[in-house]
Amino acid sequence: MNIIAWIILGLIAGAIAKAIYPGRQGGGIIATMILGIIGALIGGTLVTLLETGRLQLTAATFSIPGFIVAIIGAIIAIFIWSLVTGRTSH
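The rules behind each value
- Residues numbered from 1 in each chain as written.
- Predicted model: local features only at pLDDT ≥ 70, side-chain atom pairs only at ≥ 80, totals over all residues.
- Heavy atoms only, no water.
- Helix = DSSP H or I, 4+ residues; strand = E, 2+ residues; numbered from the N terminus.
- Rg over C-alpha atoms; globule rule 2.2 N^0.38 Å.
- Contact = heavy atoms within 4.5 Å.
- Areas by Shrake-Rupley, 256 points an atom, 1.4 Å probe, with all protein chains shown as cover.
- Axes fitted to C-alpha atoms, helices over the stretch in contact; angles between N-to-C directions.
- Parallel < 35°, antiparallel > 145°, perpendicular 65-115°, else oblique.
- Left-handed = near helix turned anticlockwise from the far one by under 90°.
- Nonpolar A, V, L, I, M, F, W, Y, C, P; charged D, E, K, R; others polar.
- Expected span 1.5 Å × (residues − 1).
- Buried < 20%, exposed > 50% of the residue type's maximum accessible area, 1.4 Å probe, protein only.
- Lys, Arg positive; Asp, Glu negative; His and termini not counted.
- Salt bridge = Lys/Arg side-chain N within 4 Å of Asp/Glu carboxyl O.

Peer 1: Help me understand the overall build of the protein chain in this model?
Peer 2: Across its full length, the protein chain carries three helices and zero strands. For 90 residues, the compact-globule estimate of 2.2 N^0.38 gives 12 Å, and the protein chain sits close to it at 13 Å. Here the C-alpha coordinates of the protein chain stretch approximately 35 × 30 × 15 Å along the principal axes. Contacts in the protein chain between residues at least 24 apart in sequence constitute 60% of all its contacts with a sequence separation of at least 6. Of the accessible surface of the protein chain, which amounts to about 5,700 Å², a share of 75% is contributed by carbon and sulfur atoms.

Peer 1: Explain the packing of helix α1 (residues 2-20) against helix α3 (residues 64-85) to me, please; I cannot follow it from the model alone.
Peer 2: How two helices pack is summed up by the angle between their axes together with the distance between the axes. Where α1 meets α3, the closest approach of the two axes is 8 Å, and the angle between their N-to-C directions is 55°. In terms of orientation, α1 lies oblique with respect to α3. Two packed elements cross with a definite hand, and for α1 against α3 that hand is right-handed. Facing Leu9, Ile12, Ala13, Ile16, Ala17, Lys18 and Ile20 of α1, the residues of α3 in contact are Gly66, Phe67, Ala70, Ile71, Ala74, Ile75 and Ile78. Looking at the contact of α1 with α3 residue by residue, the class counts come to 12 nonpolar, one polar and one charged.

Peer 1: Would you explain helix α2 (residues 29-52) in this entry?
Peer 2: Think of an α-helix as turning once every 3.6 residues; residues three or four places apart then point the same way. Relative to the 34 Å expected for 24 residues at 1.5 Å per residue, α2 spans 34 Å between its end C-alpha atoms, a close match to the ideal helical length. Taken together, the buried positions of α2 are occupied by Thr32, Met33, Leu35, Gly36, Gly39, Ala40, Gly43, Gly44, Thr45 and Thr48. In this structure, the buried side of α2 is in contact with α1 and α3.

Peer 1: Just checking my understanding: could you explain α1 for this structure?
Peer 2: With 19 residues, α1 should reach 27 Å at 1.5 Å per residue; the first-to-last C-alpha distance of 27 Å fits that figure. Among the residues making up α1, those that are buried are Ala5, Leu9, Gly10, Ala13, Gly14, Ala17 and Lys18. Each element contacted by the buried residues of α1 is listed here: α2 and α3.

Peer 1: Sorry if this is basic, but what is going on with the side chain of Thr32 here?
Peer 2: Looking at the element boundaries, Thr32 is found in helix α2. The class for Thr32 is buried, based on a relative accessible area of 8%. Not counting the four nearest positions on each side in its chain, Thr32 is found in contact with Gly10, Leu11, Gly14, Ala15 and Lys18.

Peer 1: Looking at this structure, I do not really get the side chain of Lys18. What am I missing?
Peer 2: Its location among the elements puts Lys18 in helix α1. Glu51 provides the closest opposite charge to the buried, unpaired Lys18, separated from it by 28 Å. Not counting residues within four places of it along the chain, the set of residues in contact with Lys18 comprises Gln25, Gly26, Gly27, Gly28, Thr32, Leu35 and Ile78.

Geometric values such as these leave the question of function open.
Here it is, written out as structure tokens:
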């Protein structure tokens, strides 16, 4: 059941992040899920760092605050991906 929750969280967070982030991002439903799951990891890790002061790989939880953290993390992931690939989102 945990994997299904991760897929749902990833799909929703990735889709919302793509809608919020300016420009057009490519990729289909699988890329959106992966983006959201990576966003949940990035966001959860940043929240843990801010709360405890330790850098620890943690995922966002399946809750309203978890969705918000996952969306913010996915937006950060989109930004980093555009820097790495050198593409601008148009």
